[in-house]
Each structure stands twice: as structure tokens, then as C-alpha cells.
Amino acid sequence: MTITVCIKWVLPNRDGDERFAGISLADQAALETGLRVAEALNESCTVITVGPAAAETSLRDALACGAHDVLRVDAPADTDSAETARALATYCEHSRLVVCGDYSSDRGSGSVPALVAARLGRGQALGLIDVQIVGETLSVVRRLDGGRRERLSVTGPAVLSVEGSVARLRRASLRATLSANDAIIDVVTNDASGAIRRTPEAAPLRPYRPRARVVPSPTGSSALDRVRQITDTSSSKGHGETVVLEPGDAANRILESLHTWGYVQES
Amino acid sequence: MTAPAHDFDADIIVVGAGPAGSCAAIAAARAGKSVVLVERGPFPGSKNMYGGVVYPRILDELIPSWWETMPVQRWVVKRSTMLLSDTGALNVDFRANAWGAPPYNGATAYRPDFDNWLANHAVEAGARLVCSTTVTGLLRDSTGRIQGVSTDRPDGDLRAPIVIACDGVNSFLAKESGLYPHTDASNFTLGVKETLALPKHVIDERFGVRDNQGVDIEILGGTSGVNGGGFIYTNLDTVALGVVLKLPKLAAQQKRPEQIIAELKRHPAVAPLIEGAEVKEYSAHVIPEAGLEMMPTMVADGMLVAGDAAALCLAAGIWLEGVNFAMASGMYAGQAAAEAITKNDVSSRGLSGYTDRLEKTFVLRDHKKLRKVPHLVLSDRVQHKYPAFVAGVVERVFRVDNPHPKPGVRRIVREERKKAGIGLLDLLRDGWTGMRGFG
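Residues numbered from 1 in each chain as written. Chains lettered and ligands numbered in written order. Predicted model: local features only at pLDDT ≥ 70, side-chain atom pairs only at ≥ 80, totals over all residues. Heavy atoms only, no water.

Novice: Hey, could you go over the interface of chain A and chain B for me, with residue numbers and the actual values?
Specialist: As a measure of interface size, the accessible area lost when the parts come together is often cited. Each partner contributes to the interface: chain A provides eleven residues, whereas chain B provides 19 residues. Interface area for chain A against chain B, summed over the two sides, is near 1400 Å², with a carbon-plus-sulfur share of 52%. By the criterion of area lost to chain B, the three top residues of chain A are Arg-19, Arg-171 and Leu-174 of chain A, representing 51% of everything that side buries. Applying the counting rule to chain A against chain B returns five salt bridges. Close ionic contact of Asp-113 of chain B with Arg-19 of chain A constitutes a salt bridge, the shortest N to O distance being 2.7 Å. At the junction of chain A and chain B, the tally comes to nine residue pairs in polar contact (both at pLDDT 80 or more). Classifying every residue of the side of chain A that touches chain B gives four nonpolar, three polar and four charged. (Contact = heavy atoms within 4.5 Å. Buried area = accessible area lost by both parts, 1.4 Å probe. Salt bridge = Lys/Arg side-chain N within 4 Å of Asp/Glu carboxyl O. Polar contact = N/O pair within 3.5 Å; in protein donor to acceptor, adjacent residues only side chain to side chain. Nonpolar A, V, L, I, M, F, W, Y, C, P; charged D, E, K, R; others polar.)

Novice: Break down the domain arrangement of chain A for me, with residues and values.
Specialist: With domains assigned, chain A is organised as domain 1 (2-194) and domain 2 (207-267). A separation of 36 Å is found between the C-alpha centroids of domain 1 of chain A and domain 2 of chain A. (Domains from an automatic or database assignment.)

Novice: Tell me about the pairing of strand β5 (residues 123-134) of chain A, residues and numbers included.
Specialist: Of the pairings in the sheet, the one linking β5 of chain A to strand β8 (residues 158-162) of chain A comprises four bridges and is parallel in character. Within the sheet, the bridge partner assigned to Gly-123 of chain A lies in β8 of chain A and is Ala-158 of chain A. (Pairing = 2+ DSSP bridges. Helix = DSSP H or I, 4+ residues; strand = E, 2+ residues; numbered from the N terminus.)

Novice: Mind laying out the sheet that holds strand β17 (residues 299-300) of chain B, listing which residues take part and the relevant values?
Specialist: The strands making up a sheet associate through backbone hydrogen bonding, with each pair oriented either parallel or antiparallel. Residues and elements named next belong to chain B. Ordered by their spatial adjacency, six strands build an open sheet running β7-β2-β1-β11-β18-β17, and the pairing between neighbours is mixed. Every interior strand has two partners, whereas the edge strands, β7 (128-130) and β17, have only one. Strand direction decides the pairing type here: strand β11 (residues 162-165) and strand β18 (residues 303-305), joined by three bridges, are parallel. From the neighbouring strand, Ile-164 faces β18, where its bridge partner is Leu-304. Here helix α1 (residues 19-30) sits on the sheet in contact with β1 (12-15), β2 (35-38) and β11, set at roughly 170° to β2. (Axes fitted to C-alpha atoms, helices over the stretch in contact; angles between N-to-C directions.)

Novice: Explain the packing of helix α2 (residues 56-65) of chain A against helix α5 (residues 174-182) of chain A to me, and be specific about the residues and the numbers.
Specialist: Residue and element names in this part refer to chain A. Relative orientation of the contacting elements α2 and α5 amounts to 140°, with a least axis distance of 8 Å. What the angle tells us is that α2 and α5 run oblique. Between α2 and α5 the crossing geometry is right-handed. Taking contact as the criterion, the partners of Arg-60, Leu-63 and Ala-64 in α2 are, on α5, Ala-176, Thr-177, Ala-180, Asn-181 and Asp-182. Grouping the constituent residues of the contact of α2 with α5 by class yields four nonpolar, two polar and two charged. (Parallel < 35°, antiparallel > 145°, perpendicular 65-115°, else oblique. Left-handed = near helix turned anticlockwise from the far one by under 90°.)

Novice: Give me the domain arrangement of chain B: which residues, what numbers.
Specialist: By domain assignment, chain B separates into domain 1 (12-72 + 109-183 + 291-371), domain 2 (185-288) and domain 3 (379-438). Of note, the centres of domain 1 of chain B and domain 3 of chain B, computed from C-alpha atoms alone, are 43 Å apart.

Have a look at this one:
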């Protein structure tokens with residue numbers, strides 16, 4: 001059993017310069033968390049990335065920091081989240097714990113850890129802002145909406161994703177850095193037999209813009225009332241709603257609401 | 001490659017992966033020695049700054065046909081010297097299109113590209129490059145002999161019988177080893193540079209070049225009364241514009257270097273060249289400008305100093321060179337260090353092959369020949385009186401002032417010399433120094 005850390009090497013932009021490439025702060029925090037957990041539980045720490053040969057620089061950095069093994073699953077830099085998760089899950093199957101960064105430094109949707117958990121059929125604790133090792137258990141804090149927090153205990157095999165603030169990656173020793181430069185990196189070819197293929201979208205890349213939400217005209221008798229009606233934040237605008245539904249119905253209801261509010265567009 | 005001797009991590013440690021360090025590493029690694037090249041930046045060149053022209057002829061020995069792979073912005077085919085008075089300018093141009101074809105002469109290049117390219121050659125030669133690592137001091141044995149370096153990394157001591165210090169101007173290693181007796185601020189200038197973005201076709205039109213042809217303009221005057229000079233170099237789609245300012249004068253005048261650049265950019269002879277440009281980068285760096293007079297002892301037991309760390313920068317008015325001296329001194333240091341390891345004598349005597357090479361080649365011969373020129377170029381008269389004097393003479397020679405008849409040139413020179421406050425003896429003395437200095 002090992003602790004597996006999944007990292008993503010990212011070019012700064014599409015035609016990016018590899019000298020400025022690297023892993024996100026969240027991935028660095030994941031690596032440090034994985035190393036600490038492995039040390040505390042007397043396990044080995046393996047670091048995996050799905051990416052091109054240039055990504056091996058980040059794996060060498062991981063080795064220098066103390067990772068026991070590293071593995072690169074050979075794939076293009078723009079491999080999508082589902083395919084990345086599928087490839088990662090293949091090599092995380094026997095891990096006691098999988099630790100990922102909450103976001104990569106490119107698109108950063110944070111979907112890969114959830115997809116890995118789904119593939120492995122394991123529990124997940126995502127978006128963690130604190131990880132403490134208490135004996136054989138991890139006591140973690142998860143960020144919720146509205147400034148709320150949730151404390152969880154992780155005992156069994158699980159997938160975690162951590163934010164960049166959880167831990168600062170240790171500075172590698174000089175000798176380890178020199179050794180890592182000479183290390184041979186294990187590379188496996190991505191078995192694409194079960195890959196999910198998606199047709200790349202032809203639409204041009206642009207920042208995400210939610211659909212405009214229609215706000216009814218204010219109806220107050222005075223200008224002050226009308227301005228208050230638009231800007232007043234002390235009263236509820238009516239979006240908050242608590243419903244108790246079965247998971248499937250709840251998912252449909254969430255999608256329906258997101259669509260109504262303009263956050264999801266018709267595909 | 002031979003294994004390093006017992007108790008050592010390498011045969012040679014090179015500190016700094018700039019042009020000097022990488023060339024030292026290439027030469028030593030190719031001689032079969034175990035080399036570690038330590039760089040403080042995240043990659044070679046990431047921390048480095050210079051005006052923008054490199055003369056790579058010396059690379060013929062290390063990297064044959066270097067021009068085929070070197071990351072060049074433009075090949076310099078036009079060299080100009082510009083003398084600026086407050087409102088006038090005298091521009092002397094020379095163009096040689098042959099410099100735009102192999103084997104070339106000089107090129108503009110970005111240091112992060114150029115230094116990285118050179119360091120990659122060192123790695124290919126067998127040197128081990130370790131980045132993001134700052135050398136913090138020298139390791140010595142109980143007898144005081146240098147045994148390697150300490151770094152800011154955990155477990156960061158690195159041991160080798162020879163250290164080549166290529167850690168740049170104001171070298172802490174050379175100072176720590178006692179090779180620099182003292183530091184005098186008057187031997188240094190501050191170079192500040194703006195990288196200004198313009199479309200390539202605009203640069204081509206304004207500077208009279210095409211394709212990858214480039215221009216190098218050296219400027220005397222235009223530094224707001226602070227002793228120094230200026231420069232303009234063309235890259236593909238940027239222009240490097242900067243000033244070099246003598247430190248004590250800059251401090252005495254209480255001026256900000258960015259103000260001086262802004263004033264240079266507003267000069268009527270400069271403004272049209274950069275009109276509409278967007279500032280992409282501002283950088284500054286200290287330059288060792290006093291030549292031979294400030295050079296440290298180059299060799300100690302177990303240690304060599306090369307490049308800017310050895311003050312090997314030639315600031316002689318029409319010649320402003322540093323990278324070529326860095327590459328050559330680095331290469332010679334690497335060769336001498338490899339020889340010393342082979343002979344098993346890393347004492348200063350065993351390493352003396354380095355100074356022998358420097359003495360026999362352009363590295364020290366140029367500095368010796370031009371030893372008085374840096375002081376002459378940065379002297380008050382040359383800086384503050386001669387540009388206005390020359391511009392005044394040329395302005396009157398070309399001015400058509402009918403119905404007055406043309407005055408004689410001798411009369412113009414005499415009158416403008418007096419107007420500029422230059423004594424005849426001073427003029428003759430400076431002329432003689434210049435003639436002797438420039439050979």
C-alpha cells in the first residue's frame with residue numbers, strides 16, 4: 001500500500017515556454033501532504049503524472065523532495081480531465097490514499113480528483129484547507145459554500161484534493177536534487193482502449209460568462225425605494241431554498257435551478 | 001568521464017550558469033572531468049541582464065557553426081555612434097551587410113534564451129546542472145584550502161578540489177576568497193534598460209533594416225548630466241534602450257535612473273525611433289567598468305574567477321563588450337581547471353594555465369591596450385563638454401547662413417571650443433590619450 005500523489009505539469013499557455021512550466025501551488029501542497037502522510041504512516045509515496053516527456057522535470061523535483069517512486073503516463077499535455085482520471089485511476093488502484101491538488105494551473109476545474117474517486121469507487125474529500133495526521137487517521141477540513149467548514153475523518157482508502165494553502169512544499173536537498181537529475185523515470189504508455197474520446201469543441205476559447213439573469217424592474221414609489229430594492233443585500237432575493245429529495249432527483253433539481261439562473265446553457 | 005576523487009562530489013564546481021559559467025562547464029566536461037554547474041535562478045539566464053549585443057566569435061572553438069542553433073534576435077549589420085547635445089545629435093553610421101551572413105559578427109539576443117542555450121551545451125557535454133540553488137560561501141579544509149561551496153539547500157555542501165567563480169559582478173565568492181582587496185563604487189556603473197515593444201515592420205522601417213538585420217547604437221551624452229552613456233539595440237519586435245550611469249555621479253546628483261531613461265526617450269533624435277512603443281520590461285544591473293584597474297587576482301589555490309566576477313567587461317566607448325570576454329575567460333578557466341585536475345595540482349601554480357591563456361589572448365590584451373580608455377570615456381570633459389562641442393561644430397558647418405559668407409572650419413572649432421569651455425591643452429591631452437588608448 002502506498003500514498004499516491006497525482007500532479008499535473010502545465011505549460012503557461014498553449015504555445016508556452018517549457019522553462020516556465022510546472023505544477024500548481026495546489027499540486028505542490030498535495031505533494032507535501034502526501035510526503036508527510038507517507039512518513040507518518042510509514043508508507044511509500046509514489047507520484048504520478050499524465051503528460052508529455054517534459055513533465056518529467058516535475059517528477060524529478062518530486063523525487064528530490066523525497067518521493068520514493070515516480071511514474072509518467074505518456075499522454076499529450078492537453079489530455080482532457082476524464083481521460084486523465086482514467087489513466088491515473090489505473091495506477092492508483094492499490095493505493096491507500098490518493099492526494100491531488102484542488103486545481104491545476106491551467107483550466108483548474110478541479111474535476112480530476114472527483115473522477116478518480118468515482119473510477120476507484122472510493123470516498124472523496126475535496127477542496128481541503130487543512131490536513132492533520134492523528135495516529136492512523138487524517139483529520140481534514142473541507143471548504144463549503146458561504147464560508148462554512150466541514151471537518152472530516154479519513155480512515156479508509158480515499159481520494160483527497162487539497163488547496164495550495166494546506167502545505168508549503170519542502171525544499172529539496174542538494175544531494176537529492178543532483179541524484180534526481182540522473183534518475184531514470186518510469187514511463188508507461190497510456191492504454192487508450194477504455195479511453196473516453198470527445199470531439200474537440202470548435203468554438204474559440206473565451207472567458208466563461210454566465211448567461212445574463214433577468215431582473216424585474218423595481219416597483220417602489222420613490223427613487224430611493226427602487227434603488228434599495230435593487231441594491232439592498234439585507235433581505236433574501238429568493239434564491240435560497242431547502243428541499244429534501246432523493247439523490248437522483250436532487251441532481252436534476254440542481255441542474256434545473258442552474259439552468260434557470262443562467263449558469264448552465266443548453267448544450 | 002572520470003569519477004571525482006575520494007571525498008569529493010565532483011572535480012570542478014562552476015558557480016553561475018551565465019556565459020562564463022556555461023563555457024567553463026563545457027570546456028571542463030569535454031576534457032572528461034566531473035562538473036557541477038550551480039545556478040541560482042530557476043533556469044540559466046532567468047536572472048541575467050545586459051544591454052543586448054553578443055559577439056560570439058569565441059564560440060568557434062567550443063560550438064562549431066554556433067550560428068545555426070544560437071537563439072538570435074537580429075544579426076547586427078549597422079553600428080552607429082550617436083553624440084547627443086541637449087537638442088542636437090551627430091550620428092556616425094557604419095553598415096556591413098556581410099555581417100548578416102555566416103560567419104557573422106555580432107547579434108542581439110535575449111539572455112534567458114542565449115544563456116539557456118549555452119547551458120544546454122554544458123549539460124550535453126556531461127556537466128550536471130542544478131538550478132534554484134544559491135551558493136552561500138566557500139568550504140575550506142583545516143589548512144584553509146578551498147574544498148567546495150555551501151549552498152542554501154538543505155544538506156547543501158558540495159565538495160570539489162576546484163571552484164570556478166562565475167557568479168557575476170560584485171562576486172561574493174571572489175571577495176570571500178580574498179581575491180578582491182576592496183570594492184570601490186567609482187569602478188562600477190549602473191546599467192538600466194527598458195525593453196520596448198514595436199511591430200517588426202516598424203522597427204525595420206525606422207532603423208533601415210529588413211529580415212533579421214539589426215542595429216547597434218551607442219550614445220554619448222543624453223544622460224542628464226550623469227557621467228555614462230546610452231544604447232539602443234534592435235530585437236525582432238522589441239527595442240532595448242538604456243543608459244549606463246557612473247554610480248558616484250548618480251548618487252551625487254540624486255537622480256532616479258528611470259527619469260534619465262525617460263529624458264533620453266524624449267530627446268529629439270531618439271523619440272522618433274521609439275514612438276508608440278510599449279514598455280515590456282525594466283531591468284537594472286551593476287557593471288564593472290574600470291577594466292584592468294579593478295580586476296581581482298584571477299587565481300587562488302583551488303579557485304578561478306571568470307566573467308563579470310573577474311571584472312572582464314570592456315567599456316571603451318565604441319566597444320562595449322562583456323559576453324565575449326565572459327565566454328572566453330570561462331572557457332580558459334574550464335580548460336585550465338581540467339589540466340590541473342589531470343596533473344593533480346590544484347594550487348594556484350597548477351591553475352596558472354588560466355592566467356597564461358588570458359594574457360596571450362584578447363581577454364587581457366584588449367584590456368591592457370585600452371586600460372586608460374574607460375576613464376577617458378567617463379571623464380567630465382568627454383561626458384559633458386565634447387558632445388555639445390562636436391554637435392555645435394557640425395551644426396555650424398552645415399548651417400547655411402546667407403547672406404553671411406561661410407566661416408572657416410578652424411574658426412568654428414575655435415569658437416565652439418571656447419563656448420564649450422574646453423581648453424586647448426585639455427583638448428590636445430585628451431586627443432593624445434585617446435590616440436594612445438585606442439592604439
